[in-house]
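Report on the structure
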Amino acid sequence: MDKIIFAGPVGAGKTTAIGSISEIPPVGTDVACTDESAQIKEKTTVAMDYSYITLDDGTRIHLYGTPGQDRFDFMWQILAKDGIGLVLLINRDHPDPLHQLGFYLNAFADFIQDTGVVIGLTKSDISDKHDISKFQDFLYERQQIFPVFDVDARSEDDIKVLVHALLAVLNH
Amino acid sequence: MRIINDVIEQISHTNLEQDTQTQEVLAQELDKILDALLTSSEDISAAIISSVDGHSKAQRLEADMDEHRFAAMSSALLALSDNIASEGGKGNTENVLIEGTNGKIFLLHAGPKHLLTVFTHNCGSLGMPLAYAKQATEQIAALMEVLAS
Ligand SMILES: Nc1nc2c(ncn2[C@@H]2O[C@H](COP(=O)(O)OP(=O)(O)O)[C@@H](O)[C@H]2O)c(=O)[nH]1
Ligand SMILES: [Mg+2]
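Residues numbered from 1 in each chain as written. Chains lettered and ligands numbered in written order. Predicted model: local features only at pLDDT ≥ 70, side-chain atom pairs only at ≥ 80, totals over all residues. Heavy atoms only, no water.

When helices and strands are tallied, chain B shows four helices and five strands. What you see in chain B, going N to C, is helices and strands ordered as α-α-β-β-α-β-β-β-α. Across the 149 residues of chain B, 44% fall into the buried class. Accessible area of chain B: about 7800 Å², with a carbon and sulfur share of 51%. (Helix = DSSP H or I, 4+ residues; strand = E, 2+ residues; numbered from the N terminus. Buried < 20%, exposed > 50% of the residue type's maximum accessible area, 1.4 Å probe, protein only. Areas by Shrake-Rupley, 256 points an atom, 1.4 Å probe, with all protein chains shown as cover.)

See the structure below:
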């Protein structure tokens, strides 16, 4: 089973991205926020998002979205098991997205090592706070040269580009 | 409903604007509910009240059980159960039962934003612990409603 994991911080657009490319109504586990993240958004994912897409050659790719908060890191382990690659979404509109990028790259370091990753900078449609080159420089310094894309998580085309880029990386 | 009357009594003396005080009253009342639950049945060994998004609100867990992990795991499990129940045409989740080799665990909703996870010893019948747990969820739900109003 080909399974891709979507990870990244709260509000980066993981649930939105999976919904954008999904062929079926996605399985969602969003519940009411009762903490300070309620200021960012009303609902948050507590177990997973699930959906799938079918490639032109008929291969079905299963998509699993993770909860963003690290109190749910046990779900990261569960969902990443047997995954073939990672789509890491980072909210470009955040005050310190590089810190977030570093955090999730570290958290998924083993998984990335075994598989592969592409990075999507979401909310690029509403924010130009941080230039994409900052992210590329950051990765270069870490000696982690991964593909980075500007995306709008609501755009089917943008998220398809990410998924296809990941599959291309994995086939190398 | 004695507990609820206590709360109404207490918060009427408190300035509701003072959120921290409300939180303290809430924590005390939740502790009382858990204490009552644990003394109601010898079969119940531990319990935790958490929010639907996975924060611990009150707990009577064993020393080596991390409340933050159990709160988060409980919310994840119950959220998935709700999906299975509703997509399977079975309505809402009344409870989730985990039958472990060394005891049983059940999870229940406690009003719209909270849940209760109860751990039992390897007891024979689940009836009484479940009934007491259900009662506790009603108390939690009523308490939250009072505090939200
Ligand atoms: N404008 C814009 N809004 C986005 C984008 N990605 C996510 N959002 C919005 O941000 C909010 C949080 O998205 P969500 O998918 O729940 O984030 P998650 O926590 O990563 O699952 C939602 O209101 C989305 O509509 C994006 O690329 N552009
Ligand atoms: Mg989400």
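On to the nonpolar core, then. Residue and element names in this part refer to chain A. If you look at the biggest cluster of nonpolar residues, it comprises 39 residues, and the most contacted ones within it are Leu86, Leu88, Ile90, Leu101, Phe108 and Ile119. At five residues, helix H2 (residues 73-80) tops the list of elements feeding residues into this core. Those residues in contact with Leu88 that lie beyond four places of it in its chain are Ala7, Gly8, Leu101, Tyr104, Leu105, Val117, Val118, Ile119 and Gly120. (Core = buried A, V, L, I, M, F, W, Y, C linked by side-chain atoms within 4.5 Å. Contact = heavy atoms within 4.5 Å.)

In this section: the site of ligand 1. Residue and element names in this part refer to chain A. In the vicinity of ligand 1, 17 residues are found, and the nearest of them are Gly11, Lys14, Thr16, Lys41 and Ala153. Separating an oxygen atom of ligand 1 from a side-chain N or O atom of Thr16 is a distance of 2.5 Å. In this structure, an oxygen atom belonging to ligand 1 sits 2.9 Å away from a main-chain N or O atom of Lys123. For ligand 1, the accessible surface in isolation is 580 Å², of which the surrounding protein chains cover 80%. Per-element accounting of the shell around ligand 1 gives the leading share, three residues, to helix H1 (residues 14-21). (Near = heavy atom within 4 Å. Polar contact = N/O pair within 3.5 Å; in protein donor to acceptor, adjacent residues only side chain to side chain.)

When the parts come together, some accessible area is lost, and that loss is often what is quoted as the size of the interface. Taken together, the 17 residues of chain A in the interface contact 15 residues of chain B. For the pairing of chain A and chain B, the buried interface totals around 1300 Å² over both sides, and the portion due to carbon and sulfur atoms is 65%. Three residues stand out in chain A for area buried against chain B, namely Thr34, Arg71 and Phe74 of chain A, and they jointly supply 41% of the buried area on that side. Between Asp73 of chain A and Arg69 of chain B there is a salt bridge; the shortest N-O distance is 3.8 Å. Summed over the shared surface of chain A and chain B, the result is six residue pairs in polar contact (both at pLDDT 80 or more). For the side of chain A that touches chain B, the secondary structure elements donating two or more residues are strand S2 (30-32) and H2 of chain A. Residues of the side of chain A that touches chain B, tallied by class, amount to 10 nonpolar, four polar and three charged. (Buried area = accessible area lost by both parts, 1.4 Å probe. Salt bridge = Lys/Arg side-chain N within 4 Å of Asp/Glu carboxyl O. Nonpolar A, V, L, I, M, F, W, Y, C, P; charged D, E, K, R; others polar.)

Time to look at the sheet that holds strand S2 (residues 56-60) of chain B. Residue and element names in this part refer to chain B. Pairing is antiparallel in the open sheet, where five strands are placed in the order S2-S1-S5-S4-S3. Each edge of the open sheet carries a strand with a single partner, namely S2 and strand S3 (96-100). Neighbour to neighbour, the strand axes of the sheet diverge by 10 degrees on average, direction disregarded. As judged from the four bridges shared by strand S1 (residues 44-51) and S2, these two strands associate in the antiparallel manner. Within S2, the position partnered with Ile49 by the bridge is Ala58. (Pairing = 2+ DSSP bridges. Axes fitted to C-alpha atoms, helices over the stretch in contact; angles between N-to-C directions.)

Hydrogen bonds between backbone atoms are what pair the strands of a sheet, whose relative direction is either parallel or antiparallel. Residue and element names in this part refer to chain A. Pairing within the open sheet is mixed, and its six strands lie in the order S4-S5-S1-S6-S7-S8. In the strand order of this sheet, the two ends are held by strand S4 (49-54) and strand S8 (148-150), each with one partner. Each strand axis lies, on average, 25 degrees off the axis of its neighbour in the sheet, ignoring direction. The pairing of strand S6 (residues 85-91) with strand S7 (residues 117-122) spans six bridges and is classified as parallel. Bridge pairing links Val87 to Val118 in S7. Strand contacts of helix H5 (residues 132-141): S6, S7 and S8, with the helix running at about 165 degrees to S8, the strand carrying the most contacts.

Around the magnesium ion (ligand 2), the protein contributes the donor atoms Thr15 of chain A (OG1) and Thr45 of chain A (OG1), at 2.1 Å from the metal centre. In this pair, Thr15 of chain A is assigned in helix H1 and Thr45 of chain A in strand S3 (residues 43-45), connecting sequence segments 30 residues apart. (Donors = N, O, S within 2.8 Å, 3.2 Å for Na, K, Ca; no water.)

To continue, consider the packing of H2 of chain A against helix H3 (residues 67-87) of chain B. Two elements in contact, H2 of chain A and H3 of chain B, have axes separated by 9 Å at closest approach and are oriented at 50 degrees. Considering their axes alone, H2 of chain A and H3 of chain B lie oblique with respect to each other. Contact residues: Asp73, Phe74 and Met75 of chain A in H2 of chain A; Arg69, Ala72, Met73 and Ala76 of chain B in H3 of chain B. Per-class residue counts for the contact of H2 of chain A with H3 of chain B are five nonpolar, no polar and two charged. (Parallel < 35°, antiparallel > 145°, perpendicular 65-115°, else oblique.)

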